[in-house]
Amino acid sequence: MTSHAICIQTRMAVWDLSVSVEELGPEAPPLKISVTSDLHIGGVILKTVEKSQIKQDWSDHALWWEQKQQWLLKPSWTLDKCGIHADARLCLTPQHKPLQLVMPSSIVLRMRVCFSSPVFRTIMGICKLLNIRRPEELSLLWPVEEKKKKKDKDVGEEVYDITCAPLPSTGTIPKLANGMPAFFAETPETEVVYKILAVSQPAPAPETIAKLYRTTNIMEKAHINSRWLDSSRSLLQQGVKENDKLILRFKYYTFHDIIPQADVVRLTQLYEQSRWAILLEEIECTEEEMMVFAALQYHIGKVSLTEQSVASCPAMEDLDSALQCLEVKMEGESSADDMLVSFMTYTQPKRLTLKGYKQYWFTFKDTTISYYKSKEESSKEPIQQMNLKGCEVAPDVSVAGQKFCIRLLIPGPEGMNEVYLRCEHEQQYSQWMAACRLASKGKTLADSSFSSEVQSIQSFLAMQKTTPRNNTAQTDESINTHSLVSPRYQKKYKPKQLTPRILEAYQNVAQLSLTDAIQKFLQIWQALPDFGLSYIVVSNQSSKK
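Residues numbered from 1 in each chain as written. Predicted model: local features only at pLDDT ≥ 70, side-chain atom pairs only at ≥ 80, totals over all residues. Heavy atoms only, no water.

### Description of the nonpolar core
Part 1: In terms of nonpolar packing, the biggest core is built from 81 residues, with Met103, Leu109, Leu130, Leu140, Leu235, Ile502 and Trp525 touching the most fellow members.
Part 2: Considering each element in turn, this core owes the most residues, 10 residues, to helix H10 (residues 287–304).
Part 3: Not counting residues within four places of it along the chain, the set of residues in contact with methionine 103 comprises Leu109, Leu130, Ile132, Leu197, Leu248, Arg249 and Gln269.
Part 4: Val419, Met433, Ala435 and Leu438 belong to the second-largest nonpolar core, a separate cluster that totals 33 residues. (Core = buried A, V, L, I, M, F, W, Y, C linked by side-chain atoms within 4.5 Å. Buried < 20%, exposed > 50% of the residue type's maximum accessible area, 1.4 Å probe, protein only. Helix = DSSP H or I, 4+ residues; strand = E, 2+ residues; numbered from the N terminus. Contact = heavy atoms within 4.5 Å.)

In structure tokens:
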């Protein structure tokens, strides 16, 4: 009698569980599966598949718990361990679904991505398919609302379908000798898609630039940070549905090593993002800098028609890239001097007064500038010391007028203090400007990036110098100037005024190869004062601000 009672107590109760199957359609009622609390998730999937009577490959399917907004990805866990009861609504759905992805070059890809993994791993899968190294530099964000409102008007937007691509979770993706994933070579259509990803796109029409969304104030710039997806949660958990449109962008502005031979797609997409940032005025630049950017765009557009950034000999490419990496590492290991000294003129302008420059003896050590009346008094107490950590650094340069000034906005107890340093020549300006930029980030002259920063500034100054014009450049009527500059300069100047200035800057970059021109564009972009700055809205709990 006792043993019979024990047997009844250990018997598990059978109850019905509702499971929807996506393949049956949205109108189909959920299937009722008889289960017990000790049944594992894998068993639930097996029973659901048997009851659906659909014969197909179910290996990519998993259960989605609607009420909890949670994936059930551990097949060995029991229903009791997962906390699932009779009122739970589950859905058997594929983990990889089609998604429309807007690339930095603005082309739209339709591809299968993982909806069950954290967004960080999903991006790793996307980059694996597209042959993009360093996926940790990128992230996904929602399109702006204005684009959704104009959805009906954008009927002509072309979408490139590559849903035929293998799932990245299946293992390594074979590549051809030029680095292109093998599946892109299976059809002429997919091969065209890879070429579009790997080669810079033609300059957009001025009307296209004018129609695109542009931020007009700091609040709108800060709004972008509310559109980034959470990298630790899955797409489905964040409300992303099948065939939704998301934007893929480089989110973090510290880029790892770029090897042109291995980073064809990555380099091109990074260039496209930087180009659109300039054209849409997401980052400020001076008029001279805009002309250089326009010249580089014009050159890259011309060279892209005849030259590809993918070389033809993989063995030599590997050797060249290894030598380049070794050269960069050796340059980084050689430490710079830990101090700068020189005569410069200095002014701290005040309201309603002209800038009155006075000459002093300056020293730069660690992140601090000190200045004295003369070199002999440098062993005494300085007139003033300025710690540049956290300050704003901006160039005030005119190469044609031999003006090399550094504008500093230094935080102080009473607000920002504006200071101008006037250098005597390019070499002095390059060193001091590089030192100021590093100091604003808390870095010293001993930092390994000091020499490369100096070289970057020097090469940028060299590109702004006037060179004897080529006769072919003077008569080049094919240049579409308003496609190469931001709307601000489209309104300020007519094409006839812009053409000679852009072609003048073009003479300094005309000899660059496609890869060198793209890298030069990125180098100047990264040297802009506002590069890497992100705005975030912070609300104070004690007030409504």
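Now, onward.
### Points about the side chain of aspartate 263
Part 1: Looking at the secondary structure, you find aspartate 263 in the loop between strand S10 (245–250) and helix H9 (264–279).
Part 2: Overall, the relative accessible area of 0% leaves aspartate 263 in the buried class.
Part 3: Setting aside its immediate chain neighbours within four residues, aspartate 263 contacts Arg133, Asp257 and Ile258.

### Quick notes on the packing of aromatic side chains
Part 1: Within the structure shown, the criterion is met by 18 aromatic pairs.
Part 2: Between phenylalanine 343 and tryptophan 361, the ring centres sit 4.8 Å apart and the planes meet at 70 degrees, which makes this aromatic pair edge-to-face. On the criterion of sequence distance, the pair formed by phenylalanine 343 in strand S11 (residues 339–347) and tryptophan 361 in strand S12 (residues 358–365) is long-range, its members being 18 residues apart.
Part 3: Relative accessible area serves as the criterion here: at 8%, tryptophan 361 is assigned to the buried category.
Part 4: With a centroid separation of 4.9 Å and an interplanar angle of 75 degrees, the aromatic rings of tryptophan 525 and phenylalanine 531 are classed as edge-to-face. (Phe/Tyr/Trp six-rings, centres within 6.5 Å; stacked < 30°, edge-to-face > 60°.)

### Some points on the packing of helix H12 (residues 426–440) against helix H13 (residues 450–463)
Part 1: For the pair H12 and H13, the least separation of the axes is 9 Å and the interaxial angle reads 130 degrees. The orientation of H12 relative to H13 falls into the category oblique. Where H12 crosses over H13, the handedness of that crossing is right-handed. Across the interface between the two elements, Glu426, Gln427, Tyr429, Ser430, Gln431, Met433, Ala434, Ala435, Arg437 and Leu438 of H12 pack against Phe450, Glu453, Val454, Ile457, Gln458 and Leu461 of H13.
Part 2: Partitioned by chemical class, the residues of the contact of H12 with H13 number nine nonpolar, four polar and three charged. (Axes fitted to C-alpha atoms, helices over the stretch in contact; angles between N-to-C directions. Parallel < 35°, antiparallel > 145°, perpendicular 65-115°, else oblique. Left-handed = near helix turned anticlockwise from the far one by under 90°. Nonpolar A, V, L, I, M, F, W, Y, C, P; charged D, E, K, R; others polar.)

### So, the pairing of strand S5 (residues 89–94)
Part 1: Among the six residues of S5, five are classified as buried, and the element is accordingly described as predominantly covered.
Part 2: Where strand S1 (residues 15–21) lies against S5, four bridges are found, and the strand directions are parallel. In the strand pairing of S5, valine 19 is matched with leucine 90.
Part 3: Where strand S3 (residues 61–65) meets S5, five bridges bridge the pair, whose relative direction is antiparallel. Pairing of histidine 61 across the sheet is with proline 94, part of S5. (Pairing = 2+ DSSP bridges.)

### Here we look at the sheet that holds strand S6 (residues 96–102)
Part 1: The sheet built from five strands is open, its strands ordered S8-S10-S6-S7-S9 with mixed pairing. With one partner strand each, in any of the chains shown, strand S8 (138–141) and strand S9 (159–161) form the two edges of the open sheet. Put simply, the sheet's adjacent strands are angled 45 degrees from each other on average, direction ignored.
Part 2: Pairing analysis gives four bridges linking S8 to S10, with the strands arranged antiparallel.

### Quick notes on the sheet that holds strand S16 (residues 403–412)
Part 1: As summarised here, the arrangement of the seven strands in space is S14-S13-S12-S11-S17-S16-S15, forming an open sheet in which the pairing is antiparallel. The open sheet has two edge strands, strand S14 (384–387) and strand S15 (392–398), and neither has a second partner. Going from strand to strand, the sheet's axes swing by 35 degrees on average, the running direction of each strand aside.
Part 2: Both S11 and S12 contribute to a ladder of eight bridges, which runs antiparallel. Counted as the bridge partner of serine 342 is phenylalanine 362 from S12.

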